[in-house]
Amino acid sequence: MSTASTPTRTPVIAGNWKMNNTVKETETLLKELIPLVEGASAAVVVCVPFTDIKRAAQLTKRTNIAVGAQNVAWADKGAFTGEISADMLKEAGAKYVIIGHSERRQYFGETDVTVNKRLKQALSKGLTAIVCVGETLLEREGGITEQVVKAQIEGGFKDITAAQTKKVIVAYEPVWAIGTGKTASAKDAQDTIAFIRGVLKKRFGAVSGEKLRIQYGGSMNAQNVDELMAQPDIDGGLIGGASLKAADFARIVKFKA
Ligand code: 13P
């Protein structure tokens, strides 16, 4: 396994399918993808729509692909119309869950407070959480990127212990780079991710902070993956558009760093 990460951090690359793929389309994509991702340079995850989880988990059984969801309720069960519980996700076969994606924050009122509640629930149920942070274009241009991601981490990780971070992955996704074809330069991504690692080390101690995996997300693709993954603090990617094309996603998970 080749990696720019330290020996303590196994790289992890996750596809975020967002609101794409019916069960039939999921079958087609996964059947194409499974043989292509054998021998990947990273742990491989696909975070699929809720209705696809069960079929995706069946198809990827005994492969190197794990299945994740894109949200989880903070409550066990009950009167929470439109939400989905951790037990439901686990029963369907999900092992991972994305929490606090910028699209959830932008369109569905997700805040650091709700991220924190969902994170606590995911961890208490044994799911591995991919917690997303990142600044908007306005925030970047205003020079407050570090302030923004620091606040997102402090709020999102309130009351979380160092021991719990074993089941946490942080995804740094600058909002202006999502779905735009604009990637942060490898240096900018590295700089902000190194800053995030510093915040995590302060919060959870040097050992846990050093072990936490931090992904880059935002127009990561088959062309730019190698350079991004060569950065010392970048431990993987959260991939949107390019995760919907089997050949592209396969090239990404077989990055050369
Ligand atoms: P794109 O790769 O399509 O820019 O999406 C990134 C993303 O939002 C992954 O969560």
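Each remark here, short or long, concerns the structure printed above.
This structure is a prediction, so every number in the text was calculated from the model and none was measured.

K.L.:
Looking at this structure, I do not really get unusual backbone geometry. What am I missing?
P.N.:
For residues other than glycine, phi is negative in most cases, and the peptide bonds are mostly trans. Not every positive phi belongs to a glycine, and N21 is a case in point at roughly 85 degrees. Tracing the backbone through its elements, the reader meets N21 in the loop between β1 (12–16) and α1 (23–36). The residue D159 is not glycine, and still its phi comes out positive at about 70 degrees. Inspection of the secondary structure puts D159 in the loop between α7 (145–156) and β6 (168–172).

K.L.:
Help me out: how do you make sense of the nonpolar core in this one?
P.N.:
When a protein is soluble and globular, its nonpolar side chains tend to lie buried together. Counting residues in each nonpolar core, the largest one holds 68 residues, and the members touching the most others are V46, L89, L119, F157, I196 and Y216. No other element matches the seven residues that helix α8 (residues 186–204) contributes to this core. Counting eleven residues, the second largest nonpolar core, distinct from the first, contains V45, I169, A171 and L238.

K.L.:
What exactly am I supposed to notice about the packing of α7 against α8 here?
P.N.:
Between two packed helices, both the angle of their axes relative to each other and the distance between the axes serve to describe the pair. The interhelical angle for the contact between α7 and α8, taken along N-to-C directions, is 40 degrees, at an axis separation of 10 Å. By the criterion of interaxial angle, the relationship of α7 to α8 is oblique. Along this stretch, α7 crosses α8, giving a crossing that reads as right-handed. In contact with T145, E146, V149, K150 and I153 of α7, α8 contributes T192, F195, I196, V199 and L200. Here the contact of α7 with α8 is composed, by residue class, of six nonpolar, two polar and two charged.

K.L.:
Can you walk me through helix α11 (residues 246–253) in this structure?
P.N.:
Taken together, the buried positions of α11 are A246, F249, A250, I252 and V253. Viewed end-on, α11 has its buried residues packed into an arc of 160 degrees, placing them on one side of the element. In this structure, the buried residues of α11 make contact with β1, α1, β2 (43–47), α10 (225–229) and β8 (236–239).

K.L.:
When you look at the pairing of strand β3 (residues 65–69) in this model, what are you seeing that I'm missing?
P.N.:
Within a regular beta strand, the side chains point alternately toward one face of the sheet and then the other, so they alternate between its two faces. With four of its five residues buried, β3 lies for the most part within the structure. Pairing between β2 and β3: four bridges, direction parallel. Opposite V44, over in β3, you have I65 as the bridge partner. Remark: the β2/helix α2 (residues 53–60)/β3 crossover connection has right-handed handedness. Examined bridge by bridge, β3 and strand β4 (residues 96–99) share two bridges and lie parallel to one another. From the neighbouring strand, A69 faces β4, where its bridge partner is V97.

K.L.:
How should helix α5 (residues 112–124) be read in this particular structure?
P.N.:
Given 3.6 residues per helical turn, the α-helix brings residues three or four places apart onto the same face. If you check α5, its first and last C-alpha atoms are 18 Å apart, about what 13 residues at 1.5 Å a residue would give, namely 18 Å. Listed in full, the buried residues belonging to α5 are T114, V115, N116, R118, L119, Q121, A122 and L123. Tucked inside the fold, the buried residues of α5 contact β4, α4 (102–108), β5 (128–133), α7 and β6. Immediately beyond the C-terminal end of α5, within one or two residues, lies G126, with a positive phi of roughly 85 degrees.

K.L.:
How should the pattern of salt bridges be read in this particular structure?
P.N.:
Where side chains of opposite charge bring their charged atoms close, a pairing between them can arise. One pass over the structure, following the stated rule, counts 20 salt bridges. Here R140 and E135 are joined by a salt bridge, their closest N and O atoms 2.8 Å apart. Looking at R140, the relative accessible area reads 25%, which means it is partly exposed. When its relative accessible area of 0% is taken as the criterion, E135 is described as buried.

K.L.:
What am I meant to see in the environment of N116 here?
P.N.:
By the element assignment, N116 lies in helix α5. Looking at N116, the relative accessible area reads 6%, which means it is buried. The spatial distance from the C-alpha of N116 to the C-alpha of E32 is 36 Å, given a sequence separation of 84 residues.

K.L.:
Could you clarify how one ought to interpret the site of the ligand in this entry?
P.N.:
Every one of the 13 residues lining the ligand counts as a neighbour, but H101, E173, G179, S219 and G241 are closest to it. A distance of 2.8 Å is found between an oxygen atom of the ligand and a side-chain nitrogen or oxygen belonging to K18. Relative to its free-state accessible area of 300 Å², the ligand is covered by the protein chains to the extent of 95%. Taken together, the residues of the shell around the ligand sort by class into four nonpolar, seven polar and two charged.

Calculation criteria
Residues numbered from 1 in each chain as written. Predicted model: local features only at pLDDT ≥ 70, side-chain atom pairs only at ≥ 80, totals over all residues. Heavy atoms only, no water. Helix = DSSP H or I, 4+ residues; strand = E, 2+ residues; numbered from the N terminus. Core = buried A, V, L, I, M, F, W, Y, C linked by side-chain atoms within 4.5 Å. Buried < 20%, exposed > 50% of the residue type's maximum accessible area, 1.4 Å probe, protein only. Axes fitted to C-alpha atoms, helices over the stretch in contact; angles between N-to-C directions. Parallel < 35°, antiparallel > 145°, perpendicular 65-115°, else oblique. Left-handed = near helix turned anticlockwise from the far one by under 90°. Contact = heavy atoms within 4.5 Å. Nonpolar A, V, L, I, M, F, W, Y, C, P; charged D, E, K, R; others polar. Arc of directions from axis to C-beta. Pairing = 2+ DSSP bridges. Right-handed = clockwise from strand over helix to strand, strands pointing away. Expected span 1.5 Å × (residues − 1). Salt bridge = Lys/Arg side-chain N within 4 Å of Asp/Glu carboxyl O. Near = heavy atom within 4 Å. Polar contact = N/O pair within 3.5 Å; in protein donor to acceptor, adjacent residues only side chain to side chain. Areas by Shrake-Rupley, 256 points an atom, 1.4 Å probe, with all protein chains shown as cover.

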